[in-house]
Amino acid sequence: MKSVEGLRRAKLSSLSLRRFSTLVSKSTSPTVPITADVLRESVTSSQWQFIKHVTGELNPTLISATLPDLRSSPERVLTFIENLSPNCLDISCYCLAISILSRLPSPKQATHLLKQVIGARLASRSEMFDGLVSAREKLELKSSIVLDLLVRAYCELKKGEDALKCFYLMKQKGILPKVETCNDLLSLFLKLNRTHLAWIVYAEMFRLKINSTVCTFNIMINVLCREGKLKKAKEFIEHMQCLGVKPNLISYNTVIHGYCLRGDFEGANKIFETMTAKGIEPDSYTFNSLVRGMVKQGREKEVSSLLEKMKLLGLTPTAVTYNTLIDSCCTKGDLEKAYLYRDEMVKNGIVPSVVTYNLLIHALFLDGRMAETDDLLKDMSEKRVLPDGITYNILINGYCRAGNAKKAFKFYDEMLSRGLQPTIVTYTSLIKVLGKRNRMKEADDLVVEILRKGIFPDLIMFNALIDGHCANDNVERAIDTLNEMNKMNVQPDEVTYNILMQGYCMKGKVEEACMLLEEMKGRGIKPDHISYNTLISGYSRRGDMDDAFRVRDDMLRAGFNPTLLTYNALIQGLCKKQEGVLAEELLKEMVSKGITPDDSTYLALIEGIGDVDSFLGRKDTS
């Protein structure tokens, strides 16, 4: 029962609140100062409109004074914070609010606010930690859960370094992190493929005497599998048992999956037998891994017996099972068998997933059967399977390679309308097809659009742009693109320079191409046989045969043997200058080196020396 004094205070606070509400309705700003008591009553009474109205009059000191009085109403604190202007909150306010929220049965609200504060960069990692320590002391909280949640928030944001630093700060304060917090860290470093950091955390757990759970062991087994240490992963299961922790299905599935990824079906099968002998029943994941391992070894014929075994145990093959088989068939180019598996999964009542369709669509493009993709898309629509980003990327890339810009851009527009993002590979494909269609203005506009989205072109995209401009007789714009690459710190390679050199040579500007060769050498980029052949072709087309042979000699000194292209360029150049004798000598040289002349060689010779047949039958009298 409430005391008389307590009832009186409650009544006065209620009257004060009503008085303020009346003032708010009559005036745009309060004329009576707001106290922590009034603010607390506003929150407990859910007077959110009032709080929104007076937020401009509030400050961090008042909020910090109010929050401790709300520790008994943690479920209202997040709404209170959300209704306040950020200007009246500082890191101390946020830390108090987060600490109060950490008292709720579910950690979701506290973690959500932590992630918001971290994302907004309102404080450094150490300021966040110290702020939460101070808030915990001010609220007289015995639990250290709020510091564990800080580590979790960093883990969920994939900020591994920050999470680990906070882990060590807890250790320095003599606060023992919960095993779940350690598991969050281990799991993050596994996902980030930073397994050495996972081992550091695991060693710290041992030093701090934090007992590992089955979840901890399973993560570390996964770490060992990721590192390719399958034998040690297998031994780790035995180590668990020695420590009194019973391995579960996930423990065995992880090792089985590891063996199957390596293509060691026998090793996976031994773990499977050990698992079943211990009374642990396999699940669909187990069999999916075994199917993958069997397929990797090229033992598809034995898969049917494995599927039968699966059915005997009351397990149904899943879409993942069939997708593994379909993927194997598509990789081998056996589309008919892939379709048979698709039909079988439908017959068994399994709806093909978007992955199934993606595999088949990709295989059709590789096989040049683009017309059939429309049937698959129609089938997807009928089965209400929505295309994902991968579907659209396959379609766009496929039609770009086929030179069908219209259809590629149709799917590109459709993809954007659905809020899906193309990959940088897809954008590069679009740029290539625009280049082939002499639409480089659109290609440049597309790059501007990409940059607006915060996507920076990579080397391959820049090379596609440069190639497009050179192919469309605009070497100057291609050189501008090279300069843009330099500004963006994207290093060109030999492909970049070869394209530019070809562009200059096609315009007869071989000297400029030679300058590019020297530039690439100066940047530490080693010219290849294409670089030299480009210059040889450029000089030969122009009839500067002395320079062409000089570059050929440079090519030999660089350790590159002449190719069919080298000989063809030189022979064509000599024949144009009516130097048939030298052309004949080159033909003999190329044949002696095992290089077979092609149509271009013979056409040049016909032009230069006339009767090639009699020449070929002529004996060497030298």
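As recorded in an unreviewed UniProt entry, the protein chain goes by the name Pentatricopeptide repeat-containing protein, listed as coming from Datura stramonium.

On to the overall build of the protein chain, then. Across its full length, the protein chain holds 36 helices and 0 strands. Taking 25 Å as the expected radius of gyration for a compact globule of 622 residues, we find that the protein chain reaches 36 Å, considerably beyond that expectation. For the protein chain, the spread of C-alpha atoms along the three principal axes comes to 130 × 70 × 55 Å. Long-range pairs, those at least 24 residues apart, make up 62% of the contacts in the protein chain between residues at least 6 apart in sequence. For the protein chain, the exposed surface amounts to about 31,700 Å²; the carbon and sulfur share of it is 53%. Across the protein chain, the mean location of the 83 positive side-chain charges is 10 Å away from that of the 76 negative side-chain charges.

Together, Leu-451, Phe-456 and Met-488 make up an exposed nonpolar region whose accessible area comes to about 280 Å². Within the element layout of this structure, Phe-456 appears in the loop between helix H26 (440–452) and helix H27 (459–471).

Moving on: the packing of helix H6 (residues 91–101) against helix H7 (residues 108–119). In contact at an axis separation of 8 Å, H6 and H7 are set at 160° when each is read in the N-to-C sense. As far as their axial angle goes, H7 and H6 are roughly antiparallel. Taken as a pair, H6 and H7 cross one another with a handedness that is left-handed. Contacts between H6 and H7 involve Ile-91, Tyr-94, Ala-97, Ile-98 and Leu-101 from the first element and Gln-109, Ala-110, Leu-113, Leu-114 and Val-117 from the second. Residue composition of the contact of H6 with H7, grouped by class: 9 nonpolar, 1 polar and no charged.

Turning our eyes to something else, we now look at helix H33 (residues 564–576). Taking 1.5 Å per residue as the helical rise, H33 with its 13 residues ought to reach 18 Å, and the 18 Å between its terminal C-alpha atoms agrees with that figure. Within H33, burial applies to Thr-566, Tyr-567, Asn-568, Ala-569, Leu-570, Ile-571, Gly-573, Leu-574 and Cys-575. Once H33 finishes, Gln-578 follows within two positions and takes phi at roughly 60°, a positive value.

Take the nonpolar core next. Nonpolar side chains in soluble globular proteins tend to be buried together. Counting 196 residues, the largest nonpolar core has Leu-67 and Phe-80 as the members making the most contacts within it. In this structure, Leu-67 is in contact with Val-77, Phe-80, Cys-93, Leu-96, Ala-97 and Ile-100, ignoring residues within four places of it in sequence.

When the terminal C-alpha atoms of helix H8 (residues 125–138) are compared, their 20 Å separation across 14 residues agrees well with the 20 Å that a helix rising 1.5 Å per residue should span. Turning to H8, its buried residues number three or more, namely Met-128, Phe-129, Gly-131, Leu-132, Val-133, Ala-135 and Arg-136. In this structure, the buried residues of H8 make contact with H6, H7, helix H9 (145–156) and helix H10 (160–172). One or two positions beyond H8, positive phi appears at Glu-140, with a value near 55°.

Let's shift gears to the packing of aromatic side chains. Following the criterion strictly, the structure yields 12 aromatic pairs and no others. Aromatic side chains Tyr-202 and Phe-236 sit 6.2 Å apart centroid to centroid with 50° between the ring planes, which places their arrangement in the tilted category. On the criterion of sequence distance, the pair formed by Tyr-202 in helix H12 (residues 195–207) and Phe-236 in helix H14 (residues 230–242) is long-range, its members being 34 residues apart. Residue class for Tyr-202 comes out buried when judged on its relative accessible area of 16%.

What follows concerns the pattern of salt bridges. When charged atoms on two side chains of opposite charge get close, those side chains can pair. As enumerated under the stated definition, the model contains 34 salt bridges in all. The shortest N-O distance in the salt bridge between Lys-229 and Glu-227 comes to 3.4 Å. Judged by relative accessible area, which is 37%, Lys-229 ranks as partly exposed. Take Glu-227: its relative accessible area is 28%, and that puts it in the partly exposed class. A cluster of three or more residues bridged by salt bridges with shared partners is formed by Asp-37, Arg-40, Glu-41 and Asp-69.

Bringing unusual backbone geometry into the picture now. Unusually for a residue other than glycine, Glu-140 sits at a positive phi of about 55°. Positive phi values are uncommon outside glycine, yet Asn-438 reaches one of about 55°. Here Asn-438 falls in the exposed class, since its relative accessible area comes to 55%.

Another point: the environment of His-529. Take His-529: it is sitting in helix H31 (residues 529–542). Those residues in contact with His-529 that lie beyond four places of it in its chain are Met-555, Phe-560 and Thr-563.

Moving on, we come to the state of the cysteines. Following the criterion strictly, the structure yields 0 disulfides and no others. Cysteine Cys-88 is unpaired, with the sulfur of Cys-93 as its nearest cysteine sulfur at 7.5 Å. With relative accessibility at 2%, the residue Cys-88 sits in the buried group. Not engaged in a disulfide, the cysteine Cys-242 finds its nearest cysteine sulfur in Cys-225; these two sulfurs lie 18 Å apart.

Among the secondary structure elements, Thr-496 is positioned in helix H29 (residues 494–506). Beyond its immediate chain neighbours, meaning those up to four positions away, Thr-496 contacts Leu-459, Asn-463, Ile-466, Leu-482 and Met-485.

With that settled, consider the confidence of the model for the protein chain. Mean pLDDT over the protein chain works out to 87, with 92% of the residues at or above the 70 mark. In the model, residues 1–31 has pLDDT below 50 throughout and makes 23 contacts with residues more than four positions away in sequence or in other chains.

Here we come to the environment of Leu-70. Tracing the chain through its elements places Leu-70 in the loop between helix H4 (60–66) and helix H5 (74–82). The class of Leu-70 is buried, set by a relative accessible area of 0%. Taking the C-alpha atoms as reference, Leu-70 lies 48 Å from Cys-225; in sequence the two are 155 residues apart. Beyond its immediate stretch of four places on either side in the chain, Leu-70 contacts Arg-40, Val-43, Thr-44, Val-77, Phe-80 and Ile-100.

Attention shifts here to the packing of helix H32 (residues 545–557) against H33. Their axes nearest at 10 Å, the elements H32 and H33 cross at an angle of 160°. Looking at the two axes, H32 sits roughly antiparallel to H33. The handedness of the crossing between H32 and H33 is left-handed. Contacts from Met-545, Ala-548, Phe-549, Arg-552 and Met-555 of H32 reach H33 at Thr-566, Leu-570, Gly-573 and Leu-574. Residue composition of the contact of H32 with H33, by class: 6 nonpolar, 2 polar and 1 charged.

On to the environment of Lys-378. In this fold, Lys-378 is placed in helix H22 (residues 373–382). Expressed as a C-alpha distance, the spacing of Lys-378 and Leu-395, which sit 17 residues apart in the sequence, is 14 Å.

About the thresholds
- Residues numbered from 1 in each chain as written.
- Predicted model: local features only at pLDDT ≥ 70, side-chain atom pairs only at ≥ 80, totals over all residues.
- Heavy atoms only, no water.
- Helix = DSSP H or I, 4+ residues; strand = E, 2+ residues; numbered from the N terminus.
- Rg over C-alpha atoms; globule rule 2.2 N^0.38 Å.
- Contact = heavy atoms within 4.5 Å.
- Areas by Shrake-Rupley, 256 points an atom, 1.4 Å probe, with all protein chains shown as cover.
- Lys, Arg positive; Asp, Glu negative; His and termini not counted.
- Charge placed at Lys NZ, Arg CZ, Asp CG, Glu CD.
- Patch = residues over 30% accessible without salt bridge, like charges linked within 9 Å, V, L, I, M, F, W, Y side chains within 5 Å.
- Salt bridge = Lys/Arg side-chain N within 4 Å of Asp/Glu carboxyl O.
- Axes fitted to C-alpha atoms, helices over the stretch in contact; angles between N-to-C directions.
- Parallel < 35°, antiparallel > 145°, perpendicular 65-115°, else oblique.
- Left-handed = near helix turned anticlockwise from the far one by under 90°.
- Nonpolar A, V, L, I, M, F, W, Y, C, P; charged D, E, K, R; others polar.
- Expected span 1.5 Å × (residues − 1).
- Buried < 20%, exposed > 50% of the residue type's maximum accessible area, 1.4 Å probe, protein only.
- Core = buried A, V, L, I, M, F, W, Y, C linked by side-chain atoms within 4.5 Å.
- Phe/Tyr/Trp six-rings, centres within 6.5 Å; stacked < 30°, edge-to-face > 60°.
- Disulfide = S-S within 2.5 Å.
- pLDDT = per-residue confidence, 0-100.

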